[in-house]
Amino acid sequence: SFYGLLIQGYDATGALAWEHSLPAVDSDRIELASAPDGSVIVAFSSNDPVDFGAGPIPENPPANVPDLLVVRFDQDGNQIWGVRPQSGGYIFSMRVHDGVIAIGEENHFVRLSLSDGALLSSQTVPSFLSSRPHGIVGNDALLYGDFYSPGPKDFGLGPLAPYSGSSGTMFAFREGTQPRFARAPLVSHLGSLAGDAPDTLYASFLVQGAFDLDGVPENAAVRTTYLARLAR
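Basis of the calculations
- Residues numbered from 1 in each chain as written.
- Predicted model: local features only at pLDDT ≥ 70, side-chain atom pairs only at ≥ 80, totals over all residues.
- Heavy atoms only, no water.
- Helix = DSSP H or I, 4+ residues; strand = E, 2+ residues; numbered from the N terminus.
- Buried < 20%, exposed > 50% of the residue type's maximum accessible area, 1.4 Å probe, protein only.
- Contact = heavy atoms within 4.5 Å.
- Areas by Shrake-Rupley, 256 points an atom, 1.4 Å probe, with all protein chains shown as cover.
- Pairing = 2+ DSSP bridges.
- Phe/Tyr/Trp six-rings, centres within 6.5 Å; stacked < 30°, edge-to-face > 60°.
- Salt bridge = Lys/Arg side-chain N within 4 Å of Asp/Glu carboxyl O.
- Axes fitted to C-alpha atoms, helices over the stretch in contact; angles between N-to-C directions.
- Core = buried A, V, L, I, M, F, W, Y, C linked by side-chain atoms within 4.5 Å.
- 1 Å grid on protein atoms, 1.4 Å probe; cavity = no way out; pocket = protein on both sides within 12 Å on 5 of 7 lines; lining within 4 Å.
- Points joined across faces, edges and corners; volume = space filled by probe spheres on them.
- Nonpolar A, V, L, I, M, F, W, Y, C, P; charged D, E, K, R; others polar.

How do you make sense of the overall build of the protein chain when you look at a structure like this?
Scanning the protein chain for helices and strands turns up zero helices and 19 strands. The buried share of the protein chain, reckoned over its 232 residues, is 48%. Pairs at least 24 apart in sequence give 43% of the contacts found in the protein chain among residues at least 6 apart. For the protein chain, the accessible area works out to roughly 11,000 Å², and carbon and sulfur atoms hold 51% of it.

See below:
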């Protein structure tokens, strides 16, 4: 689908300070994050030519395949750098931490240098996680999940079967390239996932009826959202 992309920056009083407009950008989702110096990072996927005023950001071959496109603007809306490091897809989350931009998208967990946009690493996530929640912890750890997908899944620690049989909710945590844990709590729907450096992980669940988060049975008489704090 083609959408008009409008990025706006506001000053401390809420007044519009700058904006960039692209009339036709083929993009699945846009994520924004701020850096400590006040600059803004924008990430999206596109297979269109993109120019934010500093010249076209070159496309990657092959043509007509969406790229992950990341642009950094200063406080005045001027482009500091723009890169298309690799092919890209639906973007779930982005975080700036300790000089690194971490991006979780449907096929990869990508890390870029904040200073110049150089690609630091790109890790493939399991293919069955397409269109599933992601959460970034620090700049090198990823919390991700799967729900209502039939059959056992392998998050890197061997096949894990959902407690509900043919389908259910599962999630896993990976630090760098090393899987740390994978879980299959007895809940009906996995919502959002989030993390905070260094040791706090969160997952939200939408449940009704009997469920079990970690060996402790609970019961929700009506559809209820639960927030779980997990050990890293």
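Before we go on, may I ask you to explain the pairing of strand β4 (residues 40-46) in this structure?
Consecutive side chains along a regular strand alternate between the two faces of the sheet. Taken across its seven residues, β4 has six buried, putting it largely inside the fold. Relative to β4, strand β3 (residues 31-34) runs antiparallel, the two being bridged by four bridges. Bridging across to β4, E31 finds its partner in A43. In terms of strand pairing, β4 meets strand β5 (residues 67-73) through seven bridges, oriented antiparallel. In the sheet register, V42 faces β5, and the bridge partner there is V71.

Help me out: how do you make sense of the packing of aromatic side chains in this one?
Aromatic rings in a pair are described by how distant their centres are and how their planes are angled relative to each other. By the definition in use, this model includes eight aromatic pairs. Ring plane angle 75° and centroid distance 6.5 Å describe the contact between F44 and F52, whose orientation is recorded as edge-to-face. Grouping residues by exposure puts F44 and F52 together as buried. Both rings, one in Y90 and one in F92, keep their centres 5.1 Å apart while their planes meet at 55°; by these two values the pair is tilted.

Sorry, what's going on with the pattern of salt bridges here?
Close approach of charged atoms lets side chains of opposite charge pair. A complete count under the given rule lists three salt bridges for this structure. A salt bridge links E175 to R180; the nearest nitrogen and oxygen atoms lie 2.1 Å apart.

What is the right way to read unusual backbone geometry from this model?
With the exception of glycine, the majority of residues adopt a negative phi angle, and the majority of peptide bonds are in the trans configuration. In this model, D98 sits at a positive phi of 55°, which is unusual for a non-glycine residue. Mapped onto the fold, D98 is located in the loop between β7 (91-97) and β8 (100-105).

Even after reading the chapter, I still don't get the sheet that holds strand β12 (residues 141-147), so can you show me in this structure?
Strands pair in a sheet through their backbones, by hydrogen bonds, and they do so in one of two ways: parallel or antiparallel. Here we have four strands laid out as an open sheet, ordered β11-β12-β15-β16, and antiparallel in their pairing. Taken across any chain shown, the strands that pair with only one partner, and hence form the sheet edges, are β11 (134-137) and β16 (178-183). Across the sheet, the mean angle from the axis of one strand to that of its neighbour is 15°, orientation sign disregarded.

What am I meant to see in the nonpolar core here?
The nonpolar side chains of a soluble globular protein tend to be buried, and buried together. Ranked by size, the top nonpolar core spans 17 residues in total, and within it L143, F171, F173, L190, L201 and F205 carry the most contacts. Residue assignment for this core shows that the elements contributing at least two residues are β12, β15 (169-175), β17 (189-196), β18 (200-212) and β19 (217-231). In terms of residue count, β18 provides more of this core than any other element does, five residues in total. In terms of nonpolar packing, the next biggest core, distinct from the first, is built from 16 residues, A35, A43, V96 and I101 among them.

Sorry, what's going on with the layout of surface pockets here?
The probe, sized like a water molecule, is rolled over the atoms to show the empty space still left. Approximately 190 Å³ is the volume attributed to the largest pocket. What lines the largest pocket is a set of 13 residues, among which G9, Y10, W18, V40 and Q75 lie closest to the centre. Elements that contribute at least two residues to the lining of the largest pocket include exactly β1 (2-10) and β2 (16-26). Ranked by residues supplied to the lining of the largest pocket, first place goes to β1 with four residues. Residues that form the lining of the largest pocket fall into these classes: seven nonpolar, four polar and two charged.

Whenever I open this one, the sheet that holds strand β9 (residues 108-113) confuses me. Can you help?
In spatial order, the strands read β7-β8-β9-β10; together these four strands make up an open sheet with antiparallel pairing. With one partner strand each, in any of the chains shown, β7 and β10 (119-124) form the two edges of the open sheet. Direction aside, neighbouring strands of the sheet carry axes that sit 10° apart on average. Both β9 and β10 contribute to a ladder of five bridges, which runs antiparallel. Among the inter-strand pairings, F109 is bridged to a residue of β10, identified as Q123.

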